[in-house]
Amino acid sequence: MVNITEKFAVSSVSDTSIPLLPSQFLEMVGVLRSLWSSTRNSFSSSASSISPKPCLLPPRASALARAFSAATAASDATSPSSALNPSRLRNVAVIAHVDHGKTTLMDRLLRQCGADIPHERAMDSISLERERGITIASKVTSIPWKEYELNMVDTPGHADFGGEVERVVGMVEGAILVVDAGEGPLAQTKFVLAKALKYGLRPILLLNKVDRPAVSEEMCNEVESLIFDLFANLGASEEQLDFPVLYASAKEGWASTTYTKDPPADARNMSRLLDAIISHVPPPTANLEAPFQMLVSMMERDFYLGRILTGRVSSGSIRVGDRVHGLRHKDSGVEKIEEGKVVKLMKKKGTHMALIDSAGAGDIVSMAGLASPSIGHTVANVEIMIALPTVELDPPTISMTFGVNDSPLAGRDGTHLTGGKIGDRLSAEAETNLAINVLPGLSESYEVQGRGELQLGILIENMRREGFELSVSPPKVMYKTENGQKLEPIEEVTIEVNEEHVGLVMEALSHRRAEIVDMGPVPGSVDRTRLSLTCPSRGLVGYRSVFSSDTRGTGFMHRAFLTYEKHRGPLGNVRKGVLVSMGYGTITAYALMSLEPRGTLFVNPGMETYDGMIVGEHSRDTDLDVNPVRNKELTNVRAASKDENVKLAPPRLISSPSWKLLIYSPA
């Protein structure tokens, strides 16, 4: 053993000028371990009769041996055997309608598996998500359960963010379909379920909020029957129709395989759902011996690491330091984008990002080291020139034009004012959000195409908070022409209102070319009616605020893109007039006092205005030019009303610059 070690140490010391790659270093460690093990076994039989003599090594050799032993311990601690075993992995997406409890359910699953959650709705990391109470972007995290590792993907429920659902369902083998037991399946439940069934996923049905007083076992059975019919109408296979059903209260943190409102103390947890995931969701089919390939499904930027690419490893394995390159499909074939090496490998565990040394096929990981690839591109070993198929996305239905703010009040609010900076920001958004298309226009303007009003409104609000100052046009519906026929996007709309408001809502929607598909009472509710309609997207532009006013805030409206159909003709009387300023300067309370009877105001005294600015909504269908900067004339005669107080109603606040344009855009 002494001669072998000395020989190896001397050869290693003599070659110190040659740098060792990590793979060569680990190979040398493995050789040394095997030699030491075989030599130790040969001496073990005579160890009892022969007293061991001290083994003296040269100083540099002993230091090298200590380094080898430390590296060996580190390699044992980060052994990829467990991470590379696909049978211990489960990839699951949580899909549901808006406000049916996806993110709350993720909180309870994280806590069940020991994660430290700093606040409620921990997966909603974007400020607008926490403010509006909706999920905007998909997130992935990993939680341990027993000897398994579950990669959970939280997805948005709003149809405007359907691109987030479409690009991540390809990473998973199963899905948890969360449905409110009191509301049942709605328009966007059908939307997200259709995407899951299209990729062959076998969903697990979770009836949430069964602890509510209005929810009964009969209602749950009725909802289950409706969901089964929905599966069948969407063309589900026999395996997909054989879905397990669980009952849960995500708010209280428990799930059950049988209907109950108050489970026993030892069952008030999420273990039943986690066990159902293990037994029902199949492990990923993966080949660890094949070359490494990964389809990028998410992308984010880091100030130090650059682009962080997230996706599911389709085949092979990846280690830190491996040489990889990015590929993409072109009309001429597969094109190589960039070549580099993996600098960092990361995996989201709970609410924290953890560094890992290696990952195998079937796992969902993040990597840094490449600066050019983006979502939809393939990262593979340098000897592979085969790109994975990309995700098919639904087409955009609405477009808006973004440009430089050229109003008289330009330059007062933002710090990024030029068209170049606006274009760079929109291009960066299009890279991370495949559902948005950005096309250059005239005179530093850009046409932004998206799925709906909410998606574009969120983009405008994010840019405003980042310091961008820009002008936007009214939204336009994107038409298509097939066989000489004009087609327009049609949306499926689900509405719940009180019976007293049904007539008003139906009259308003009839002017917007809506067609009623179904109408009936809401199960478990008194004097509530549910309407199912199909309506052109152009008819729904700006209708949400009108709907809230008509129903006094008691109605619910959900919409989702359905299909392209034949143009339904011009709309009826769907637009009210506006109050347009014809003055320039500071708005006065004296002028607003006389304008209040004319309609609803958007401005306060003291705000700046200019000629052509919209300052309110007219009570009639025509536009009206007004002067909001008019002052009270001063005379040398004491006026009787000189001491009266001007009392104005609070103006209608516009939370985002887009909503003002969406409400008052011409049909």
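Here's a quick rundown of the structure. Numbering of residues begins from 1 in every chain and follows the order in which that chain's sequence is written. A pLDDT threshold of at least 70 governs which residues receive local features in this predicted model, and a stricter bar of 80 or more applies before side-chain atom pairs are shown or counted, although totals over entire chains, interfaces and linings include all residues. Where side-chain values are given, they derive from all heavy atoms of the structure, hydrogens and water being excluded.

Any Phe, Tyr or Trp ring, taking Trp's six-membered ring, that has another such ring centre within 6.5 Å forms a pair; planes under 30 degrees apart are called stacked, those over 60 apart edge-to-face, and the others tilted. What the rule picks out here adds up to six aromatic pairs. Aromatic pair Tyr-247 and Tyr-259: ring centres 6.0 Å apart, planes at 85°, arrangement edge-to-face. Placement of the pair is Tyr-247 in strand E6 (residues 245-249) and Tyr-259 in the loop between strand E7 (254-256) and helix H10 (271-280), with a sequence separation of twelve residues. Their ring planes at 50° and their centres at 5.9 Å tell us that Tyr-543 and Phe-547 sit as a pair that is tilted. Note that Tyr-543 and Phe-547 are positioned in helix H15 (residues 543-550) at a spacing of four residues, about one turn of the helix. For every residue, the accessible area obtained with a 1.4 Å probe (protein chains only) is divided by the maximum for its type, and the residue is called buried under 20%, exposed over 50%, and partly exposed between those limits. The exposure class of Tyr-543 is buried, given its relative accessible area of 0%. Assessed through its relative accessible area of 2%, Phe-547 is described here as buried. The rule for a charge over a ring is simple: NZ of Lys or CZ of Arg within 6 Å of the ring centre, and within 35 degrees of the ring normal. The aromatic ring of Tyr-148 is capped on one face by Arg-88, whose charged end is 5.3 Å from the ring centroid. Secondary structure counts use DSSP, requiring at least four H or I residues in a row for a helix and at least two E residues in a row for a strand, with both numbered from the N terminus.

This brings us to the pattern of salt bridges. Whenever a carboxyl oxygen of Asp or Glu lies within 4 Å of a side-chain nitrogen of Lys or Arg, that contact is scored as a salt bridge. Going through the model one piece at a time under the given rule, you end up with 27 salt bridges. Residues Arg-88 and Glu-147 are paired through a salt bridge, measuring 3.6 Å at the closest nitrogen-oxygen approach. Of the two residues, Arg-88 is situated in the loop between helix H3 (59-77) and strand E1 (89-96) and Glu-147 in the loop between strand E2 (139-145) and strand E3 (148-154); the sequence distance between them amounts to 59 residues. A relative accessible area of 48% means that Glu-147 is categorised as partly exposed.

What follows is about the nonpolar core. Looking at soluble globular proteins, one finds that nonpolar side chains tend to be buried together. The term nonpolar core refers to a set of buried residues drawn from Ala, Val, Leu, Ile, Met, Phe, Trp, Tyr and Cys, joined through side-chain atoms within 4.5 Å. The biggest cluster of nonpolar side chains holds 39 residues, and the ones touching the most others in it are Val-153, Leu-177, Leu-205, Leu-207, Val-210, Ile-227 and Phe-231. Among the elements of the structure, E1, strand E4 (174-180), helix H7 (187-198), strand E5 (202-208), helix H8 (217-233) and E6 are those that each provide at least two residues to this core. Listed in part, the 28 residues of the second largest apolar core include Met-106, Ile-176, Ala-248 and Ala-250.

This paragraph deals with a nonpolar patch on the surface. To count toward a patch, a residue needs a relative accessible area above 30% and no salt bridge. Like charges then connect within 9 Å, nonpolar side chains (Val, Leu, Ile, Met, Phe, Trp, Tyr) within 5 Å. Shrake-Rupley sampling with a 1.4 Å probe provides the accessible areas, and residues are treated as covered by the protein chains on show and by no other component. Taken together, Phe-303, Tyr-304 and Leu-305 make up a surface patch of nonpolar side chains, about 440 Å² in accessible area. Structurally, Tyr-304 is set in the loop between strand E8 (293-302) and strand E9 (306-315). Judged by its relative accessible area of 75%, Tyr-304 falls in the exposed class.

Next up on the list: the pairing of E5. Extensive coverage of E5 is indicated by the burial of six of its seven residues. Each pair of strands is called paired provided DSSP finds at least two bridges between the two strands. Taken together, the seven bridges between E4 and E5 define a ladder with parallel strand orientation. Each residue of the ladder has a partner; that of Ala-175, found in E5, is Pro-203. Handedness of the E4-H7-E5 crossover: right-handed. Clockwise travel from the first strand over the helix to the second, with the strands pointing away from the viewer, marks a crossover as right-handed.

Now for the pairing of E3. Buried residues dominate E3, accounting for six of its seven residues. Of the pairings in the sheet, the one linking E1 to E3 comprises six bridges and is parallel in character. What sits directly across from Ala-93, in E3, is Val-153. Alignment of E2 against E3, held across seven bridges, turns out to be antiparallel. Within E3, the position partnered with Thr-141 by the bridge is Met-152. Adjacent in sequence and paired antiparallel, E2 and E3 are bridged by two residues, among which Lys-146 carries a positive phi angle near 55°.

Moving on, we come to helix H12 (residues 453-465). Between the first and last residue of a helix there are one fewer steps than residues, each counted as 1.5 Å, and that sum is the expected span. Over its 13 residues, H12 extends 18 Å from the first C-alpha to the last, a length consistent with the 18 Å expected when each residue adds 1.5 Å. H12 sits mainly inside the fold: ten of its 13 residues count as buried. Those residues of H12 that fall on the buried side of the exposure criterion are Glu-453, Leu-454, Gln-455, Leu-456, Gly-457, Ile-458, Leu-459, Ile-460, Glu-461 and Met-463. Just downstream of H12 lies Gly-467, where phi reads positive at about 100°.

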